[in-house]
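Listed below are the residues making up each chain.
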Protein chains: 2
Amino acid sequence: MRLAYITGSHPNPSHFTVLVRGIPWSQDHSYSKSVESFFSTYYPDTYVDHQMIYRPSTVHKLKKDAKKMYRILRPVETEYVRGDKPCYLCGGTAHTFKLLQNGEDSIRSQTSIDELHPTQIEKECPAAFVFFKNRYAAVVAAQVLQSSNPMLWVTQLAPEPHDVYWSNLGIPYKQVWVRKIVVLLIALAFVFVFLFPVTLVQGLTQPQVLIHWFPQIKEVLKLKFLNRLVTGYLPSVILILFLYTVPPIMMLLSRIEGNVSRSDRKKSACIKILYFTIWNVFFVNVLSGSFINQMSIFSQIKELPMMLAKQVPTQATFFTTYVLSSGWASLAFELLQLFALICNILRRFILRSKKEPTNIALTFPHHTEIPRLLLFGLLGFTLSILAPIILPFLLVYFFLAFLVYRNQILHVYVTKYESAGQFWPIVHNATIFSLVLTQVIAVAVLAMKKSPMASGCTIPLIIISLLFNEYCRKRFSQVFKRNPAQRWIDETSNGGRKKGYIIGCDQNTAS
Amino acid sequence: MRLAYITGSHPNPSHFTVLVRGIPWSQDHSYSKSVESFFSTYYPDTYVDHQMIYRPSTVHKLKKDAKKMYRILRPVETEYVRGDKPCYLCGGTAHTFKLLQNGEDSIRSQTSIDELHPTQIEKECPAAFVFFKNRYAAVVAAQVLQSSNPMLWVTQLAPEPHDVYWSNLGIPYKQVWVRKIVVLLIALAFVFVFLFPVTLVQGLTQPQVLIHWFPQIKEVLKLKFLNRLVTGYLPSVILILFLYTVPPIMMLLSRIEGNVSRSDRKKSACIKILYFTIWNVFFVNVLSGSFINQMSIFSQIKELPMMLAKQVPTQATFFTTYVLSSGWASLAFELLQLFALICNILRRFILRSKKEPTNIALTFPHHTEIPRLLLFGLLGFTLSILAPIILPFLLVYFFLAFLVYRNQILHVYVTKYESAGQFWPIVHNATIFSLVLTQVIAVAVLAMKKSPMASGCTIPLIIISLLFNEYCRKRFSQVFKRNPAQRWIDETSNGGRKKGYIIGCDQNTAS
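Conventions we followed
Residues numbered from 1 in each chain as written. Chains lettered and ligands numbered in written order. Predicted model: local features only at pLDDT ≥ 70, side-chain atom pairs only at ≥ 80, totals over all residues. Heavy atoms only, no water. Helix = DSSP H or I, 4+ residues; strand = E, 2+ residues; numbered from the N terminus. Buried < 20%, exposed > 50% of the residue type's maximum accessible area, 1.4 Å probe, protein only. Contact = heavy atoms within 4.5 Å. Buried area = accessible area lost by both parts, 1.4 Å probe. Salt bridge = Lys/Arg side-chain N within 4 Å of Asp/Glu carboxyl O. Polar contact = N/O pair within 3.5 Å; in protein donor to acceptor, adjacent residues only side chain to side chain. Nonpolar A, V, L, I, M, F, W, Y, C, P; charged D, E, K, R; others polar. UniProt positions renumbered as here; feature names shortened; annotations may be inferred. Pairing = 2+ DSSP bridges. Least-squares fit on C-alpha atoms with pLDDT ≥ 70 in both. Patch = residues over 30% accessible without salt bridge, like charges linked within 9 Å, V, L, I, M, F, W, Y side chains within 5 Å. Areas by Shrake-Rupley, 256 points an atom, 1.4 Å probe, with all protein chains shown as cover.

Things to note about the side chain of A:Thr46
Residues and elements named next belong to chain A. For Thr46, the location among the structural elements is in the loop between helix H2 (31-42) and strand E2 (47-54). Look at Thr46 and you get buried, because its relative accessible area is 17%. Each residue touching Thr46, except ones within four places of it in the same chain, is listed here: Phe131, Phe132, Lys133, Asn134 and Ala137.

Structure representation (structure tokens):
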């Protein structure tokens, strides 16, 4: 399906463009000259042009800030000019902000930044977009190891113009691997120590502790209803609030990693959140939630299947409730778009803005929804043999999810860029993992029930699952990493498709 | 150094040639036609020609057998014709073998196999050598993913003509991954259960067991000298004899894997033997040699450093002896070339052949020598902090080894093909492993000596080692996998360099 999409889609600027990083520094000439001489030497027939990436200079930053302020203040100003309505909050009518009437133009005319070209040479980043005559040449240039130093002249097919994460393009390629390792370590630490602060804060909501810290609320807690609320409800609210911080933190980590496209950043965050969810929701709950001892399971990896076989059935009720509460509720929230709704109410009634917002278009949050779906898949697989009562709930969930997400993707979210199924390998791997885990648990359960014959017969199933995975890896995974050259030999014209990147680059220099 | 070698070396047929496997089957035309149409479509400017691989037909096999027999019997025949000397063994002079005088030519003229072309079409393998005009085009064609099905049109730079392992070229590419997995499992099983049969056979050499099986040798064993020989010496002889079977078995496994070149086969065997040696010589000896319990260490992976820290010093004497006996002795054997010497004696005095053998030229046995060297490196690293007495012996060994191997490589062994440092990553990885293992043992030792401060200070050392390894991987390992394109843009002419493969293919069709 990915290949059919790529072949069937209209020629896109990204198909003809290669992103090159790690351009070596030369004393004699600029990066731009280096790129030109390199590609006109090695790709003389197909090289068309290139567009350097510029690091934002201080003047650019000032200009950008000015523009931003202008855009924020303009609606307020026009409103005040039009009607002189009183402020919603304070009731005053004074024109607090006096703005120049000709806005952006005045800023531009005063500074004439566009003529500051000589300084730009110093601000060039060692990265560029290189445009080729045809898709085939771009695919070849993206796949071939260019230089004998693999840290120089690193090429890859460029992401779509809207997909480019401009501010990360300036990161020197040499740093990227260090960043990746550091982020990996931070993410691992985050996954494993996440529950310590949470349990600590939850402990603080115990009535005794609360009274110890704030003696004045002793009287309040004597009310039975409030006491129940604090002891029964507050801890789980705190856990959920902490859980809501995970996606932004993982997104931040993926940004620090130095991904050059938004889709890569989302994919990287998606993988991190998936690991986080599977570990902190599934394993920690199953392994009796003794958070302090969660590390000790690594030293007893041999007994893990047995422990899972014992513990999974006991947690079946909890997981069924989890599917009902977290799963079904999340679909309702998805339909309501509560966050956007609140933002809108705030904007309309507190900020009293009447203009329809233009840049509120939402993109689908793959990085939060895919891990959730895969977690439910894992629950369905592992519980199916021990507590199949969860399956009807999951079936209803998946059916509703299909309708809801289909509606949302078709009518609500805006598709700015296409990653052409780059998330599929994550789904595939997680599903295989769930399947194998289920089979391992089945072996352990059957061994526990003293039927070694049935237990032994399940082992070939595991081997077949792993072989199937290996086959899929050999047969399909390459296509997600490298674009096959065979498809695009007939495409020849570029037709000014580099425009998207040049406009993007100009707009985003200062981002 | 690898790059310098590749760039500096004379243009070789392999530099202009790409080996393509997994050619899709078509009902309309032969594989040869498919190759021609594919490459003249996608590489119209640089494609020169191709050479199909043929599966040996029955007639070819007969021809080959006839040739082989002729080659074996010819010297005998000429000798008998010349002098009618008596046979060395039986003393008779009868001309047992009557051969046609015109040998090879008669076989060829009678069968006229060379005109059997129509049947060859059915015997084509889905693999071919494709020749390009310049090195750059070959490098590009080898690196680009050709087809949307990664199992079809799989390209790689061709090995050198002498390096090609012809009989493996016919293996369908789809089988290769299954073969790799099967071989990996067999090799793993071999590494882990190797010592069970050996201990079993060693047990059989105990006098009681021997007497139980062969009561007649009871009297013989009463001799003190023979008894000592049987109980003290025989077990280690059996172990060494079993150890000598390891390289051929690993080579066989690597052949079954489906490697298309001799150097790949050797490399694969080298890795397997390295794992075998490190596991069965180092770990099994250190972990007190309780062979039955060797699997249990995986369940106690956390205590492994502690166990190593306790056990390594106790085995220091054994390893020092091992360096002396196995290391120094192996160098002496290497110089003597005992095996070749015995073969030569057999040939001369038993078979009474006087002609100098032509095809006895030895190639350097990388797959046995590199693991040995790396094992001694591991011993040096790990024992250096606990029993540094081993170091002078190792120093002498490495100094002698330098002289001996230098002499052997320069004057004894024949270099038929160059893999341009393909073994270096193995050496690098094994050395980093030794280094990190040493540091882990150091941490455990310092923790045991109750100096947590010093123990903690060693941990950053491990991190730095791993980071260094990661840097090397990023910076250099790519060059061992893909040839950089930048180097060969100026090479243009092919100049009939395909000849090597065509001759090779003709000679080796039936191998």
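Overview of the interface of chain A and chain B
Facing 34 residues of chain A, the contacting portion of chain B comprises 34 residues. Summed over both partners, the interface of chain A with chain B buries about 3400 Å², with 65% contributed by carbon and sulfur atoms. The interface formed by chain A and chain B includes zero salt bridges. For the interface between chain A and chain B, the tally reads six residue pairs in polar contact (both at pLDDT 80 or more). For the side of chain A that touches chain B, the secondary structure elements donating two or more residues are H2, helix H6 (135-143), helix H8 (173-193) and helix H21 (452-481) of chain A. When residues in the side of chain A that touches chain B are grouped by element, the largest group, seven residues, is from H21(A). Across the side of chain A that touches chain B, the residue classes break down as 18 nonpolar, 10 polar and six charged.

Observations concerning the UniProt feature "transmembrane region" (unreviewed entry) in chain A
Residue and element names in this part refer to chain A. Per the UniProt record, the feature "transmembrane region" (unreviewed entry) sits at residues 181-200, 233-253, 273-292, 327-346, 373-391 and 426-447. Along residues 181-200 the backbone is 95% helical and 0% strand, and the end-to-end C-alpha distance reaches 29 Å. Measuring from the first to the last C-alpha atom of residues 327-346 gives 28 Å, for a span that is 95% helix and 0% strand.

Focus: the side chain of A:Thr320
All names here are of chain A. Mapped onto the elements, Thr320 comes out in helix H16 (residues 316-336). Of the residues examined, Thr320 reaches a relative accessible area of 10% and is grouped as buried. Setting aside residues up to four positions removed in sequence, Thr320 forms contacts with Ile389, Ile390 and Phe393.

So, the pairing of strand E3 (residues 124-132) of chain A
Residue and element names in this part refer to chain A. Most of E3 sits out of view: nine of its nine residues are buried. Here E3 shows a buried face lined by Glu124, Pro126, Ala128, Val130 and Phe132 and a second buried face lined by Cys125, Ala127, Phe129 and Phe131. As paired strands, E2 and E3 are joined by six bridges and run antiparallel to one another. Bridge pairing in E3 places Tyr47 opposite Phe132.

Some words on unusual backbone geometry
All names here are of chain A. Within the chain, Trp153 stands out as a residue other than glycine whose phi angle is a positive 50 degrees. Note that Trp153 resides in the loop between H6 and strand E4 (154-157). By relative accessible area, Trp153 is classed as buried at 6%.

Some words on the relation of the copies chain A and chain B
You can overlay chain A on chain B at an RMSD of 0.1 Å; the transform is a turn of 180 degrees with a shift of 0.0 Å along its axis. What the rotation and shift describe, once combined, is the action of a two-fold rotation axis. Interface residue correspondence from chain A to chain B reaches 100%, placing this contact among same-surface, isologous pairings.

Description of the environment of A:Gly170
All names here are of chain A. Residue placement: Gly170 occurs in the loop between helix H7 (166-169) and H8. For the pair Gly170 and Tyr5, spaced 165 residues apart in sequence, the C-alpha separation works out to 31 Å. The contact partners of Gly170, leaving out residues within four places of it in the chain, are Arg55 and Cys125.

Quick notes on a nonpolar patch on the surface
All names here are of chain A. Among the surface-exposed residues, Phe333, Leu336, Leu338, Leu341, Ile342, Ile345, Leu346, Phe349, Ile350 and Leu351 lie close enough to one another that they form a single nonpolar patch of about 950 Å² accessible area. Residue assignment for the nonpolar patch shows that the elements contributing at least two residues are H16 and helix H17 (338-350). Within the secondary structure layout, Ile342 lies in helix H17.

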